[in-house]
Amino acid sequence: MLAFIIRRLFQAALVMLAVAFVSFSLFNFVGDPVNMMLGQDATPEQREELRADLGLDKPFYVQFTRFVGNAVKGEFGLSLRQIRPVATLIKERLPATLELAFCAGALALFFGIVMGVFTALRRRGFISQFLLTISLIGVSLPTFLIGILLILVFAVTLQWLPSYSRGDVVQLGWWSTGFLTTSGIKSLILPSITLSLGTMTLIMRLVRSEMLEVLRTDYIKFARARGLTNRAVHFGHALKNTLVPVMTITGLQLGAIIAFAIVTETVFQWPGMGFLFIQSVQFADIPVMAAYLVLIALVFVSINLIVDLLYYLVDPRLRIERSTAGH
Amino acid sequence: MEAINRFFDGDVWYSFKQSPITIVAAVFALICILAAVLAPLIAPHNPYDLAQISLINSNLPPAWSVGGNASFLLGTDQQGRDILSTIMYGSRVSLLVALCAVVIAILMGVGLGLLAGYVGGRVDSIIMRLADIQLTFPSILVALLIAGVGRQFVPRDLQDSLAIYVIILSISLTGWVQYARTVRGSTLVEKSKEYVQAARVIGVPRWTIMFRHVLPNVLGPVLVIATLNIATAILTEATLSFLGVGMPSTQPSLGTLISEGNNYLFSGEWWITVFPGLALIVMVVSVNLLGDWLRDALNPKLR
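Draft legend 1. Representation of the nonpolar core in the model. The biggest cluster of nonpolar side chains holds 115 residues, and the ones touching the most others in it are Phe-144 of chain A together with Leu-280 of chain B. A total of 13 residues in this core trace back to one element, the largest contributor, which is helix H12 (residues 286-314) of chain A. Excluding its chain neighbours within four sequence positions, the residues that come into contact with Phe-144 of chain A are Val-263 and Val-267 of chain A together with Ala-238, Thr-239, Phe-242, Ile-258 and Leu-280 of chain B. If you look at the next biggest cluster of nonpolar residues, it comprises 15 residues, including Ile-203, Met-211, Val-214 and Ile-220 of chain A.

Draft legend 2. Local environment of the packing of aromatic side chains. Applying the stated criterion across every chain yields a total of eight aromatic pairs over all chains. Centre to centre, the rings of Phe-144 of chain A and Phe-242 of chain B are 4.6 Å apart; their planes meet at 20 degrees, and the pair counts as stacked. Here Phe-144 of chain A, found in helix H7 (residues 143-157), pairs with Phe-242 of chain B, found in helix H11 (residues 220-242), and the two come from separate chains. By relative accessible area, which is 0% here, Phe-144 of chain A ends up buried. By relative accessible area, which is 7% here, Phe-242 of chain B ends up buried. Aromatic side chains Trp-270 of chain B and Phe-275 of chain B sit 5.7 Å apart centroid to centroid with 50 degrees between the ring planes, which places their arrangement in the tilted category. Among the residues examined, Trp-270 of chain B registers a relative accessible area of 32% and is labelled partly exposed. Joined through ring pairs, the aromatic side chains of Trp-270, Trp-271 and Phe-275 of chain B make up one cluster.

Draft legend 3. The confidence of the model for chain B, seen in detail. Here chain B averages 83 in pLDDT, and 91% of its residues register 70 or above. For this predicted complex, the interface score ipTM comes out at 0.80, alongside a pTM of 0.83.

Draft legend 4. Broad picture of the environment of Leu-121 of chain A. Residue and element names in this part refer to chain A. If you trace the backbone, Leu-121 turns up in helix H5 (residues 86-121). Residue Leu-121 is classed as partly exposed on the basis of its relative accessible area of 33%. Residues Leu-121 and Thr-133, 12 residues apart in the sequence, show an inter-C-alpha distance of 17 Å. With residues up to four places along the chain from it excluded, the contact list for Leu-121 reads Met-211, Leu-215 and His-234.

Draft legend 5. Structural context of the interface of chain A and chain B. Across the contact, 38 residues belong to chain A and 35 residues belong to chain B. Each partner contributes to the roughly 3,200 Å² buried at the junction of chain A and chain B, and carbon and sulfur atoms together form 82% of this total. When residues of chain A are sorted by the area they lose upon contact with chain B, Ser-140, Phe-144 and Ile-148 of chain A head the list and together hold 17% of the total. At the surface where chain A touches chain B, the tally comes to zero salt bridges. Scanning the region where chain A abuts chain B turns up one residue pair in polar contact (both at pLDDT 80 or more). Taken together, the elements giving at least two residues each to the side of chain A that touches chain B come down to helix H1 (2-29), H7, helix H10 (230-267), helix H11 (273-282) and H12 of chain A. It is H10 of chain A that contributes the most residues to the side of chain A that touches chain B, eight residues altogether. Partitioning the side of chain A that touches chain B into residue classes produces 30 nonpolar, eight polar and no charged.

Criteria and thresholds
Residues numbered from 1 in each chain as written. Chains lettered and ligands numbered in written order. Predicted model: local features only at pLDDT ≥ 70, side-chain atom pairs only at ≥ 80, totals over all residues. Heavy atoms only, no water. Core = buried A, V, L, I, M, F, W, Y, C linked by side-chain atoms within 4.5 Å. Buried < 20%, exposed > 50% of the residue type's maximum accessible area, 1.4 Å probe, protein only. Helix = DSSP H or I, 4+ residues; strand = E, 2+ residues; numbered from the N terminus. Contact = heavy atoms within 4.5 Å. Phe/Tyr/Trp six-rings, centres within 6.5 Å; stacked < 30°, edge-to-face > 60°. pLDDT = per-residue confidence, 0-100. Buried area = accessible area lost by both parts, 1.4 Å probe. Salt bridge = Lys/Arg side-chain N within 4 Å of Asp/Glu carboxyl O. Polar contact = N/O pair within 3.5 Å; in protein donor to acceptor, adjacent residues only side chain to side chain. Nonpolar A, V, L, I, M, F, W, Y, C, P; charged D, E, K, R; others polar.

Below, the structure written as structure tokens:
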């Protein structure tokens, strides 16, 4: 177990270093930072001075170490477009993305499991077949088109829901939340549905196939033979055992939700980090891009690490196999 | 001729005939491909010839609704370009990018997978570790990051003309892992078979065994993954273009068209976005269905 954790940590550190290197090269090889800061008509002396100030005359590994040190402290310099510290910008945008991702994740998990169980128990029913067909189409639909179609129907044609921004937000310390106002909640609806659909269909299909598998096993037959009610068999025994793989996939899907949040945020002009990144790419705002790269890599590496560890903790079979193998 | 006869007698063709959904999908896929390939010949207008477009025709609704014009079947955009023609030209770009990306991904993936499986040892563990790491990130994110970072290294004035290369590269760099893993797996199986041992015994060089003997036997599953990956590549390209890091508006793909039309959604010109969107969906769904059918048809276990 310990060796496993250490190996994983080592691998995570390696990935982070590689990503840090990419964002470091963005800083250093795209354009000339001295030119960017001083403009074209600075004297050579001024250039040299700034070069020394920024540490650009130092050898490569010194610069890289300094970059990593700053990155660990969260310092990525000033955004070229907004002339404000990147850390502040990201802190402002973080709540929007996290609230959106949370809503989408909750929606996907709840409806995914409910529909999955339903389609597994009523395998031949009309509604199950309908849900399965819909989910097949859902897999082929790109996120941004789902968003556009939802906007077209609910915002443009019916005019029920807003189609862009977060609505009114309430500041709780540095955290801005949209949960406390009606317009905030209304603006959350379309983006979270858009973002959740992909994950929802995936969880639904997974729960369905796992559930069908479990329902065929001997211990379910035995539970039925003992005369347990359908309810106890389905939810006490079958559902419980399907949840381990569901948990792993959900953890990994959290990453997908964060990735697709970039698309959803762009469609709905949601002021989150993904939208910030897309804008920074279009305006060549290197510091923001570099910070986002490092941050997103950190998020993914952590998610994977946690999912791996949870898998060990939750599934007793894995632990037993390990300990018996050790004897 | 004999090969053709054998194909029509074979069970792949039989299973094709047995599945009406697959036939429909194939017809739609064929229409999409023909419309894209023959766009310059059969498109009703040339939307990128300035002499043919006129602002008088801008923002016309589809032909069947009030104010529509019969010569612009699906309406026109804000510059008076025929939507049907832009879709046909756009599918060309979308398909071209997807095909190139998939071909490059196959070359990379099959090569690395064969190497990892046949050579083994440290080469194997390095390649597979790389693949593992890449798989922890969603492919759309990797493509977006590569495209977004990649274009920063291209000089500003060349960004539009080089965009197609950046985007093909970013999609193919995210696609290779699947091929590499599959090919590595089947290479490990093939490697221990007698014909490989026999070849080794009679002194056939290592590389010849790899490419002449093992390679043809591990390509089966690659075909299926490639078909499904074309659909994914079309979607990825559309998403990147929608986000503004893909094809520029001077050479629009379906994603670029949707993204540009999206700006006119609120003024009521829904057809500028919706029709390219529908074209994209039809293309992706039919390719996906074909891929699913191919997977089942080539898998003897399912028969």
